[in-house]
Amino acid sequence: MDIDRLRKEFPDETACRAFFERIIWRDGRFCPHCGGMKSWTIKGKSARAGLYECGECGQQFTVTTKTPFHATKLSLWTWLQALYFILNSSKGVSSVFLAKWIGVSQKTAWKMGHAIREMMEIREFAPALAGVVELDEKYLGGKPRFKRDNDGNVVKHKRGHGTDKQPIFVAVERHGQVRAITFDSDTVPTIKGLTERFVRPDAHLMTDQHSAYQIVGKGFAAHSYVNHGNKEYARAGVHNNTAESFNSQLERAKQGVFHWLSKDHIQRYVNEVVFRWNQRRAVEKTSKTGERKVVMETLPIIEQMGALLSTAFGRQVRRSRVGGIRPVTT
Ligand SMILES: [Zn+2]
């Protein structure tokens, strides 16, 4: 879908607002102040469109109250366009380009990007990954741990210990979703805790030979180690190509747009790459030769926008005193 088609879908503010309301209030319109389910439209000349009054606490609200769009002076169409461009780009969009495309200042585009990324964070960590789950650690900006040299020999690079690279723990379900989070040390308790947080005990883990995984793997239905450089293993399905493919997405996003990442912001950018990865579903296809293959298909853009907006409530962002942006926790 191009931007003109999107405009046809959302021709005016009323249509944009209806979309926001349909997603954010999918279980019924609730008051963002008290949770009350009884409210009515405020009418009259001075009333803004989409303004409601709560029948329980008496306060006024709109669909953007206590969301990252709280008290926005921008049109909802401007926000929808920002969502569209950020979701549509495979590597992320810099605020300079976003500003140009949607007609706002670069400073505004930067703030919008952060507000949108705020909605990309997965906050419910019910262990959801199942089936074959590949675990890996990525040192953002570091060299790949296993790489072939010019003679085809496998070269092992040191893990990120003692470097200032930010380690990121990656758990990815083959043909499924990914979870990725920054962490401080690759000790057994840390890796065990993260794995149990994201992965169901009935999963089949695939990891490298790192000793911590040998202990962590005992808590799961099955555990195989990837033997880097051994083609037989890879043929038998023992590989972590999916995790490596995700890791290279992270790397590309970093090189493409986020040349410089402060530690505070790394998790947000990781969230963006994770969110994008998860906007795909597995589809089984049959090739001309009758071979069955599972491919990942990207969800339609409107569906992706809905997935993002569905997390909006409670994710208000506010400028902090030091000029950065921080989420509002209360
Ligand atoms: Zn209320």
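Residues numbered from 1 in each chain as written. Predicted model: local features only at pLDDT ≥ 70, side-chain atom pairs only at ≥ 80, totals over all residues. Heavy atoms only, no water.

### Brief notes about the pattern of salt bridges
Basically, it comes down to this: We define a salt bridge as a contact between a side-chain nitrogen of Lys or Arg and a carboxyl oxygen of Asp or Glu at a distance within 4 Å. Helix and strand definitions follow DSSP, with helices as H or I runs of at least four residues and strands as E runs of at least two, each counted in order from the N terminus. Any residue under 20% of the maximum accessible area for its type is buried, any over 50% is exposed, and the rest in between are partly exposed; the area is computed with a 1.4 Å probe on protein chains only.
All told, the structure shown has 12 salt bridges when counted by the stated rule. One salt bridge in this structure joins glutamate 134 and arginine 174, with 2.8 Å as the shortest N-O distance. Remark: arginine 174 occurs in the loop between strand 7 (167–173) and strand 8 (178–182) and glutamate 134 occurs in strand 4 (residues 132–139); sequence separation between them is 40 residues. Pair check on accessibility: glutamate 134 and arginine 174 agree, each one buried. Where salt bridges share partners, they join Glu118, Glu121, Arg123 and Arg268 into one cluster.

### A closer look at the coordination of the zinc ion
Stated formally: A donor here means any N, O or S atom no more than 2.8 Å from the metal (3.2 Å for Na, K and Ca); water is not included, so a site may seem to lack partners. For four-coordinate sites, all angles between 85 and 135 degrees define a tetrahedron; for four- and six-coordinate sites, opposite donors beyond 155 degrees with the remaining angles between 65 and 115 define square planar and octahedral shapes respectively, and all other cases count as irregular.
Around the zinc ion, the protein contributes the donor atoms Cys31 (SG), Cys34 (SG), Cys54 (SG) and Cys57 (SG), at 2.3 to 2.4 Å from the metal centre. Geometry at the zinc ion is tetrahedral, judged from its 4 donor atoms and the angles of 102 to 115° they form at the metal. All donor residues of the zinc ion come from one chain, and their arrangement in sequence is C-x2-C-x19-C-x2-C.

### Observations concerning unusual backbone geometry
Apart from glycine, the bulk of residues carry a negative phi angle, and the bulk of peptide bonds sit in the trans form. The backbone phi angle of lysine 66 is positive, close to 60°, even though this residue is not glycine. In this structure, lysine 66 sits in the loop between strand 3 (60–61) and helix 3 (76–88). You can call lysine 66 partly exposed: its relative accessible area is 30%. Non-glycine residue alanine 71 carries a positive phi angle of around 55°. Tracing the sequence through the fold places alanine 71 in the loop between strand 3 and helix 3. For alanine 71, a relative accessible area of 61% puts it in the exposed group.

### Describing the nonpolar core
So the rule is basically this: Residues grouped as a nonpolar core are buried Ala, Val, Leu, Ile, Met, Phe, Trp, Tyr and Cys residues, joined through side-chain atoms within 4.5 Å. By definition, residues are in contact when any of their heavy atoms lie within 4.5 Å.
Core analysis: the biggest nonpolar cluster contains 42 residues, and Phe20, Leu80, Leu83, Leu98, Ile116, Met305 and Leu308 have the highest contact counts within it. At the level of secondary structure, the elements contributing two or more residues to this core comprise helix 2 (13–24), strand 2 (52–54), helix 3, helix 4 (95–102), helix 5 (106–118) and helix 11 (301–309). Phenylalanine 20 has contacts with Trp25, Val63, Phe69, Leu76, Trp79, Leu80 and Leu309, leaving out every residue within four places of it along the chain. Among the nonpolar cores identified, the runner-up in size contains 17 residues, and Leu129, Leu135, Phe169 and Ala171 belong to it.

### A closer look at the side chain of serine 224
Our working rule: Any pair of N or O atoms that falls within 3.5 Å is considered a polar contact. Within protein, one atom must be able to donate a hydrogen and the other to accept it, and sequence-neighbouring residues count only if both atoms are side-chain atoms.
Here serine 224 shows up in strand 10 (residues 222–225). Judged by relative accessible area, which is 15%, serine 224 ranks as buried. Within the structure, serine 224 has its side chain in polar contact with the side chain of histidine 204 (distance 2.7 Å). Residue contacts for serine 224: discarding those within four places in its chain leaves His204, Leu205, Met206, Thr207 and Val238.

### A few points about the packing of aromatic side chains
What counts here: Classification of ring pairs uses Phe, Tyr and Trp, with its six-membered ring standing for Trp, and accepts pairs whose centres are within 6.5 Å; under 30 degrees between planes counts as stacked, over 60 as edge-to-face, and the remaining range as tilted. Put simply, a charge is over a ring when the Lys NZ or the Arg CZ is close to the ring centre, within 6 Å, and near the line of the ring normal, within 35 degrees.
Enumeration over the complete set of coordinates arrives at 13 aromatic pairs. Ring geometry for phenylalanine 85 versus tryptophan 101: centroids 5.1 Å apart, planes at 40°, classification tilted. Taken together, the residues span a long stretch of sequence, with phenylalanine 85 in helix 3 and tryptophan 101 in helix 4 at a distance of 16 residues. Residue class for tryptophan 101 comes out partly exposed when judged on its relative accessible area of 43%. Plain terms: the ring middles of phenylalanine 246 and tryptophan 277 are 5.5 Å apart, the flat faces sit at 90° to each other, and that makes the pair edge-to-face. Note that phenylalanine 246 is positioned in helix 9 (residues 241–256) and tryptophan 277 in helix 10 (residues 263–278), a separation of 31 residues in sequence. Both residues of the pair, phenylalanine 246 and tryptophan 277, count as buried. A network of ring pairs unites the aromatic residues Tyr84, Phe85, Phe97 and Trp101 as a single cluster. The aromatic ring of tryptophan 77 is capped on one face by arginine 7, whose charged end is 4.1 Å from the ring centroid.

### Section: the pairing of strand 9 (residues 204–207)
As a reminder, the rule being used: Being paired, for any two strands, means DSSP has found at least two bridges between them.
Bridging between strand 4 and strand 9 involves 3 bridges; their strand directions are parallel. When the bridges of strand 9 are listed, glutamate 134 appears paired with methionine 206. Pairing of strand 9 with strand 10 involves 4 bridges; the strand directions are parallel. Directly across from histidine 204, in strand 10, lies its bridge partner alanine 222.

### Digging into the environment of valine 96
Looking at the secondary structure, you find valine 96 in helix 4. For the pair formed by valine 96 and lysine 107, sequence separation is 11 residues and the distance between their alpha carbons is 8.7 Å.

### Quick word on the confidence of the model for the protein
Our working rule: Per residue, pLDDT measures the predictor's confidence, with a range of 0 to 100.
Overall, the predicted model of the protein reaches an average pLDDT of 86, with 85% of residues at or above 70. Within the protein, the element-level pLDDT minimum falls on strand 5 (residues 146–148), averaging 56, and the maximum on helix 2, averaging 97.

### Some details on the packing of helix 4 against helix 5
Let me state the cut-off plainly: Working convention: axes come from line fits to C-alpha atoms, limited for helices to the stretch in contact. Angles between N-to-C directions cover 0 to 180 degrees. Comment on the angle field: the value is read as roughly parallel under 35 degrees, roughly antiparallel over 145, roughly perpendicular from 65 to 115, and oblique elsewhere. Gly counts as polar in this scheme, as do all residues outside two lists: the nonpolar Ala, Val, Leu, Ile, Met, Phe, Trp, Tyr, Cys and Pro, and the charged Asp, Glu, Lys and Arg.
Packing of helix 4 against helix 5 brings their axes to within 8 Å, and their N-to-C directions diverge by 110°. Classified by the interaxial angle, the pair formed by helix 4 and helix 5 is roughly perpendicular. Taking contact as the criterion, the partners of Ser95, Val96, Leu98, Ala99 and Ile102 in helix 4 are, on helix 5, Gln106, Ala109, Trp110 and Met112. Residues that form the contact of helix 4 with helix 5 fall into these classes: 7 nonpolar, 2 polar and no charged.

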